[in-house]
Amino acid sequence: MAIGTIIIACCPGGLASNFFTYWTEGDVTLSVCMTTASTILGIGMMPWCIFLYTQSWVSMSTAVVPSYVDIIVALVVLLVPAAFGMLIQWKAPRAAERIALVLNILVNIGLAAFLVITAIAFTPIFKSSWRPYAVAFLYPLLAFIFGYCVAWIFKRTKQQRKTIAFETGVQNTALALSLINLLILQGKGGKGVSEMMIVPTIHGFAVLSEGFMILGLYWAYKRLILKEKGFASLKKNSQANLVANMEEEEKKTTVDSTCVSPSVASVKTVDEAVQTGP
């Protein structure tokens, strides 16, 4: 179970982060770049991190971890569609936005279906104690908060803060489960490998549920609170414009009266001069 937790923690960013970034009006370009960069770096970093964090278990017991070749092959396979998507974004940005919207929805539906099938195939996963649930639900939530706070400390924009938060909290659950399923298909580990799926599977449900919860809260905040602020600012601007218009009218009246007074005085002077003429 601990090795399964380490595997999901070492995975690069998941595609669900792009979906949540898009629907919370974050920086989608930054999200795609971070996901791609983490996947590229994961080719070297993920095997190294898994080796570093699991060597005590492997040396002290019969624990099994995914081979480094399997990890590298899986990451390289992930890079192919990412590179293809970046090419479309470069050549046809408008078409890329439409394709990204459709694919984001399909990917999340596929991920949810994958998690459901995994849960049905391994029903003992949900009969675990409270500890895997606590780890699986607290990990992405704390990662969201940590990523947002770090971005805020470095004075990133609101869009970038939301993007970095999702990229920090969303891991590639499908990759982790695929690597563990590969061990099962290879007949390695027996029951111990099945237990490795507990945290990654629950983590997948936790990320989706927490992500959609954040998405719902964001849109509720935007529709209710920001709408009220918009009405308040509009009312304030209307009052300010009314006051400004009144001041302009007063200024015009003052200028007109100033212009008329000398004319009247000059007319009176001419009349007096005519009356007292020679």
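Residues numbered from 1 in each chain as written. Predicted model: local features only at pLDDT ≥ 70, side-chain atom pairs only at ≥ 80, totals over all residues. Heavy atoms only, no water.

With that settled, the discussion passes to the overall build of the chain. Within the chain, the secondary structure is distributed over ten helices and zero strands. Overall, the chain shows an N-to-C arrangement of helices and strands of α-α-α-α-α-α-α-α-α-α. In the chain, once contacts between residues fewer than 6 apart in sequence are set aside, the share between residues at least 24 apart is 80%. (Helix = DSSP H or I, 4+ residues; strand = E, 2+ residues; numbered from the N terminus. Contact = heavy atoms within 4.5 Å.)

Take the packing of aromatic side chains next. As enumerated under the stated definition, the model contains eight aromatic pairs in all. Joined through ring pairs, the aromatic side chains of Phe 19, Phe 20, Tyr 22, Trp 23, Phe 144, Phe 166 and Phe 212 make up one cluster. (Phe/Tyr/Trp six-rings, centres within 6.5 Å; stacked < 30°, edge-to-face > 60°.)

Residue placement: Val 193 occurs in helix α9 (residues 191–196). Placed ten residues apart in sequence, Val 193 and Leu 183 show a C-alpha to C-alpha distance of 7.2 Å.

Taken over all residues, the pLDDT of the chain has a mean of 77, while the share at 70 or more is 75%. Note that residues 263–271 has pLDDT below 50 and, in this model, zero contacts with residues that lie over four places away or in other chains. (pLDDT = per-residue confidence, 0-100.)

What follows deals with unusual backbone geometry. Here the phi dihedral of Glu 25 falls at roughly 60°; this positive angle occurs in a residue that is not glycine. Assessed through its relative accessible area of 33%, Glu 25 is described here as partly exposed. Of note, the phi angle at Lys 155 is positive, near 60°, even though the residue is not glycine. With respect to the helices, strands and loops of the structure, Lys 155 is situated in the loop between α6 (130–153) and α7 (158–169). (Buried < 20%, exposed > 50% of the residue type's maximum accessible area, 1.4 Å probe, protein only.)

Looking now at the state of the cysteines. One pass over the structure, following the stated rule, counts zero disulfides. In this model Cys 49 remains outside any disulfide bridge; the closest cysteine sulfur is found in Cys 10, 4.8 Å from its own. The exposure class assigned to Cys 49 is buried, which follows from its relative accessible area of 15%. (Disulfide = S-S within 2.5 Å.)

Once that is clear, we can look at the nonpolar core. Counting 36 residues, the largest nonpolar core has Ile 7, Phe 20, Met 46 and Met 196 as the members making the most contacts within it. A total of six residues in this core trace back to one element, the largest contributor, which is helix α8 (residues 173–185). Apart from the residues lying within four places of it in its own chain, the contact partners of Phe 20 are Phe 166, Val 170, Val 207, Leu 208, Gly 211 and Phe 212. (Core = buried A, V, L, I, M, F, W, Y, C linked by side-chain atoms within 4.5 Å.)

Considering all chains together, one arrives at one salt bridge under this definition. For Glu 25, the salt bridge goes to Lys 222, with nearest N and O atoms at 2.5 Å. With Glu 25 in the loop between α2 (16–23) and α3 (28–60) and Lys 222 in helix α10 (residues 198–275), this residue pair connects regions lying 197 residues apart in the sequence. For Lys 222, a relative accessible area of 27% puts it in the partly exposed group. (Salt bridge = Lys/Arg side-chain N within 4 Å of Asp/Glu carboxyl O.)

A few words on α8. In an α-helix there are 3.6 residues to a turn, and that puts residues three or four apart on one side. Look at α8: 18 Å from first C-alpha to last across 13 residues, which is about the 18 Å you get at 1.5 Å a residue. Of the positions making up α8, those classed as buried are Thr 173, Leu 175, Ala 176, Leu 177, Leu 179, Ile 180, Asn 181 and Leu 183. (Expected span 1.5 Å × (residues − 1).)

This next bit is on the packing of helix α5 (residues 93–121) against α8. The packing of two helices is summarised by the inter-axis angle and the distance between the axes. Close contact between α5 and α8 brings their axes to 11 Å; oriented N to C, the two are set at 35°. Once α5 is placed against α8, the crossing between them reads as left-handed. Between α5 and α8, the contacting residues are Leu 111, Phe 114, Leu 115 and Thr 118 on the first element and Thr 173, Ala 174, Leu 177, Ser 178 and Asn 181 on the second. Here the contact of α5 with α8 is composed, by residue class, of five nonpolar, four polar and no charged. (Axes fitted to C-alpha atoms, helices over the stretch in contact; angles between N-to-C directions. Left-handed = near helix turned anticlockwise from the far one by under 90°. Nonpolar A, V, L, I, M, F, W, Y, C, P; charged D, E, K, R; others polar.)

Its 24 residues give helix α4 (residues 68–91) an end-to-end C-alpha distance of 35 Å, which sits within 8% of 34 Å, the value for a rise of 1.5 Å per residue. Within the sequence span of α4, burial applies to Asp 70, Ile 71, Leu 75 and Leu 79.

What follows covers a nonpolar patch on the surface. Together, Leu 15, Tyr 22, Trp 23, Ile 99, Val 102, Leu 103, Ile 105, Leu 106, Val 107 and Ile 109 make up a nonpolar patch on the protein surface, roughly 840 Å² of accessible area in all. Taken together, the elements giving at least two residues each to the nonpolar patch come down to α2 and α5. With seven residues, the top contributor of residues to the nonpolar patch is α5. Note that Leu 103 resides in helix α5. (Patch = residues over 30% accessible without salt bridge, like charges linked within 9 Å, V, L, I, M, F, W, Y side chains within 5 Å. Areas by Shrake-Rupley, 256 points an atom, 1.4 Å probe, with all protein chains shown as cover.)

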